[in-house]
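Single-letter residue listing:
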Amino acid sequence: MSQGSSQRPHRVAVIVDEGTNPFEVGVATELFGLPRPELGLPGPLYEVVLCGPAPRIRMNHGFCTLTGVPGLDAVDGADTLVVPGRPDNVVPRVPAVLDAIRRAHARGTRIVSFCTGTFALAEAGLLDGRRAATHWRWADSFRRLHPKVLLEPDVLFVDEGDVLTAAGSAAALDLGLYIWRRDQGAEIANHVSRRLVFAAHRDGGQRQFVERPVPDVRDESLGPLLAWAQERLGEPLTVADLAAHARVSPATLHRRFRAQLGTTPLAWLTAERVALACRLIERGEERLDVVADRSGLGTAANLRARLRRATGLSPSAYRRRFGGGGGEALVP
């Protein structure tokens, strides 16, 4: 789904309905609707249109009212449809919204929900027998209303191919950046994340919430350790090496990673190495053994396995899709 200079922008429609949360709408427009001159590309990669069942939409708790909202027929021209959340999840969506979601899915549009937008997708019948994520606070309610859906209550987001669902509001940013990586490659996605001042890559399988969002003790912050490790990904770093640099035991390091990042040291290290491998491929490196060595993945076989697990693509397919697409101009 990567867009070249001769292709039209990828069209993203965002459904706004009575009571929709403004934050998730803002996330969608921030991610996919803003000009990005820093990418140095000849045109936009995405374009966004808001649409709804009425031209005047009152947002959550009356924080604001949108006027002049295009009709739901805008969904028919979209490549991706985003359905944000709203707090009154037990109240059925209006039939026109559900029909628009079903119609888009039937024609092959990629469907994305943010936060409790998952309820709308389930109500439209898109999730029966499939995995999905939603905000942990609404997990029990979701299970009661939609018992046929395979809810994963602790993860940030779930990718089921044509349907992707994010958990809480901030996880919408994680899923949005994941979509950027899948569509445009790791290099461009990293530029987008830097503009957002947001973590470039949190795996969907990470926990929705951590035990201690802000460390109680300043010197327990993982920030310095992460920065140190990111500069040495090509070295044979192990979890024991990380623990030694942090001057803690591996068990303590594991607890801190779980508490502060919601993942394990090994999973974080592997994800960082895969992301580096992706950037090297995008920048034109064709020798798999060199990519594997410089990213710390060791062997071409391990690179192939890790890259396919993370992106669904082999190294050669990833190169065809993202290599040579202006990456040289994006090297910091």
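Rules and cut-offs
- Within each chain, residues carry numbers counting from 1 in the order of the written sequence.
- With pLDDT at 70 or above as the cut-off, local features in this predicted model cover only qualifying residues; side-chain atom pairs require 80 or more to be listed or tallied, and sums for whole chains, interfaces and linings still use all residues.
- Where side-chain values are given, they derive from all heavy atoms of the structure, hydrogens and water being excluded.
- Counting from the N terminus, the helices are DSSP H or I runs at least four residues long and the strands are E runs at least two residues long.
- Only protein chains enter the accessibility calculation, which uses a 1.4 Å probe; a residue whose area is less than 20% of its type maximum is buried, one above 50% is exposed, and one in between is partly exposed.
- Computed by Shrake-Rupley with a 1.4 Å probe, the accessible areas treat only the displayed protein chains as cover when residues are assessed.
- For two strands to pair, DSSP has to find at least two bridges joining them.
- A crossover gets the label right-handed when its path from the first strand over the helix to the second runs clockwise, viewed with the strands pointing away from the viewer.
- A score between 0 and 100, pLDDT records how confident the predictor is in each residue.
- Here, residues are in contact when the closest pair of their heavy atoms is within 4.5 Å.
- Lines fitted to C-alpha atoms define the axes, with helix axes restricted to the stretch in contact, and inter-axis angles between N-to-C directions lie between 0 and 180 degrees.
- Note on definitions: the grid is 1 Å and covers protein atoms alone; a cavity is a set of points where a 1.4 Å probe fits but cannot get out; a pocket is an open set with protein on both sides within 12 Å along at least five of seven lines; lining residues have an atom within 4 Å of a point.
- Grid points are joined across faces, edges and corners, and a volume is the space filled by probe spheres set on the points.
- Residues are grouped as follows: Ala, Val, Leu, Ile, Met, Phe, Trp, Tyr, Cys and Pro are nonpolar; Asp, Glu, Lys and Arg are charged; all remaining types, including Gly, are polar.
- What qualifies as a polar contact is a pair of N or O atoms within 3.5 Å, subject to a donor-acceptor requirement within protein and to the restriction that residues adjacent in sequence count only when both atoms come from side chains.
- Note on definitions: salt bridges are taken to be side-chain nitrogens of Lys or Arg within 4 Å of carboxyl oxygens of Asp or Glu.
- For classification purposes, an angle smaller than 35 degrees is called roughly parallel, one larger than 145 roughly antiparallel, one from 65 to 115 roughly perpendicular, and anything else oblique.
- By the definition used in this description, the sense in which the near helix is turned from the far one sets the handedness, with an anticlockwise turn below a right angle giving left-handed and a clockwise turn giving right-handed.

A.B. asks: Could you give me a rundown of the overall build of the protein chain, with the residues and numbers involved?
C.D. replies: A count of helices and strands for the protein chain gives 14 helices and 10 strands. Considering the protein chain as a whole, with its 332 residues, one finds that 49% of them fall into the buried category. Of the roughly 15200 Å² that the protein chain leaves accessible, carbon and sulfur atoms contribute 53%.

A.B. asks: Go over the pairing of strand 2 (residues 46-51), please, and point to the residues and values.
C.D. replies: Summarising the sheet, strand 1 (residues 10-15) and strand 2 pair through 6 bridges and their orientation is parallel. Bridge pairing in strand 2 links valine 12 to valine 48. In the classification by handedness, the crossover that spans strand 1, the intervening helix 1 (residues 22-32) and the parallel strand 2 is right-handed.

A.B. asks: Would you mind going over the confidence of the model for the protein chain in detail, with residue names and values included?
C.D. replies: Interpretation of this model should avoid reading the predicted coordinates in detail wherever pLDDT is low. For the protein chain, the mean per-residue pLDDT works out to 84, and 88% of the residues sit at or above 70. Across the protein chain, element-level confidence peaks in strand 5 (residues 80-83) with a mean pLDDT of 97 and bottoms out in helix 14 (residues 327-330) with 33. Every residue in residues 203-219 scores below 50 in pLDDT, and together they form 38 contacts with partners more than four places removed in sequence or on other chains. Below pLDDT 50 for its whole length, residues 325-332 participates in 14 contacts with residues either more than four positions away or in separate chains.

A.B. asks: Give me the lowdown on the sheet that holds strand 2, citing residues and values where you can.
C.D. replies: Ordered by their spatial adjacency, 6 strands build an open sheet running 2-1-5-6-10-9, and the pairing between neighbours is mixed. The strands lining the two open edges of the sheet, one partner per strand, are strand 2 and strand 9 (157-159). Averaged over all pairs of adjacent strands, the angle between their axes in this sheet comes to 15°, without regard to strand direction. Here strand 5 runs beside strand 6 (residues 110-113); their pairing, made up of 4 bridges, is parallel. Of the residues in strand 6, the one forming a bridge with leucine 81 is isoleucine 111. The sheet strands contacting helix 2 (residues 95-106) are strand 1, strand 5, strand 6 and strand 10 (163-166), and the helix crosses strand 5 at an angle near 150°. Packing against the sheet, helix 5 (residues 169-184) makes contact with strand 2, strand 6, strand 9 and strand 10, and its axis sits at approximately 145° to strand 10.

A.B. asks: Explain unusual backbone geometry to me, and be specific about the residues and the numbers.
C.D. replies: With phi around 55°, cysteine 115 is a residue other than glycine that occupies positive phi space. Examined against the element boundaries, cysteine 115 turns out to sit in the loop between strand 6 and helix 3 (117-123). Classification of cysteine 115 by relative accessible area gives buried; the value is 6%. Positive phi is not limited to glycine here, since arginine 247 has a value of about 60°. Along the chain, arginine 247 falls in the loop between helix 8 (239-246) and helix 9 (250-260).

A.B. asks: Pulling in residues and values, what's your account of empty space enclosed by the protein?
C.D. replies: Per the stated rule, a full pass over the model turns up 1 cavity of 30 Å³ or more. The calculated volume of the largest cavity comes to roughly 40 Å³. Lining the largest cavity are Arg86, Asn89, Val91, Arg93, Thr116, Phe119, Ala120 and Glu123. Class assignment for the residues of the lining of the largest cavity results in 3 nonpolar, 2 polar and 3 charged.

A.B. asks: An account of the side chain of threonine 118 is needed here, citing residue identities and associated values.
C.D. replies: If you trace the backbone, threonine 118 turns up in helix 3. A polar side-chain atom of threonine 118 sits 3.1 Å from the main-chain carbonyl oxygen of cysteine 115. Apart from residues no more than four positions distant in its own chain, threonine 118 is found in contact with Ser113, Leu127, Ala132, Ala133, Thr134, Phe142, Thr165 and Ala166.

A.B. asks: Account for the pattern of salt bridges, with residues named and values stated.
C.D. replies: In total, this model carries 19 salt bridges according to the counting rule given. For the salt bridge of arginine 11 with glutamate 47, the shortest nitrogen-to-oxygen distance reads 3.1 Å. With arginine 11 in strand 1 and glutamate 47 in strand 2, this residue pair connects regions lying 36 residues apart in the sequence. For glutamate 187, the salt bridge is made with arginine 283, and the minimal N-O distance between the two is 3.1 Å. Residue glutamate 187 is found in helix 6 (residues 186-196), and its partner arginine 283 is found in the loop between helix 10 (265-282) and helix 11 (288-295); the two are separated by 96 residues along the sequence. Exposure remark for arginine 283: the relative accessible area of 28% places this residue in the partly exposed category. Within the structure, one salt-bridge network assembled from shared partners comprises Arg130, Arg131, Glu152, Glu160 and Asp162.

A.B. asks: Describe in detail the environment of glutamate 47, supporting the description with residues and values.
C.D. replies: A relative accessible area of 35% places glutamate 47 in the partly exposed class. Residues glutamate 47 and glycine 33, spaced 14 residues apart in sequence, show a C-alpha to C-alpha distance of 5.4 Å. A polar contact is formed between the side chain of glutamate 47 and the side chain of arginine 11, at a distance of 3.1 Å.

A.B. asks: Go over the packing of helix 10 against helix 11, please, and point to the residues and values.
C.D. replies: Look at helix 10 against helix 11: their axes get within 9 Å of each other, and the N-to-C directions meet at 140°. On the basis of their axis angle, the class for helix 10 and helix 11 is oblique. Where helix 10 crosses over helix 11, the handedness of that crossing is right-handed. Across from Arg273, Leu276, Ala277, Leu280 and Ile281 in helix 10, the residues of helix 11 making contact are Val291, Arg294 and Ser295. Partitioning the contact of helix 10 with helix 11 into residue classes produces 5 nonpolar, 1 polar and 2 charged.

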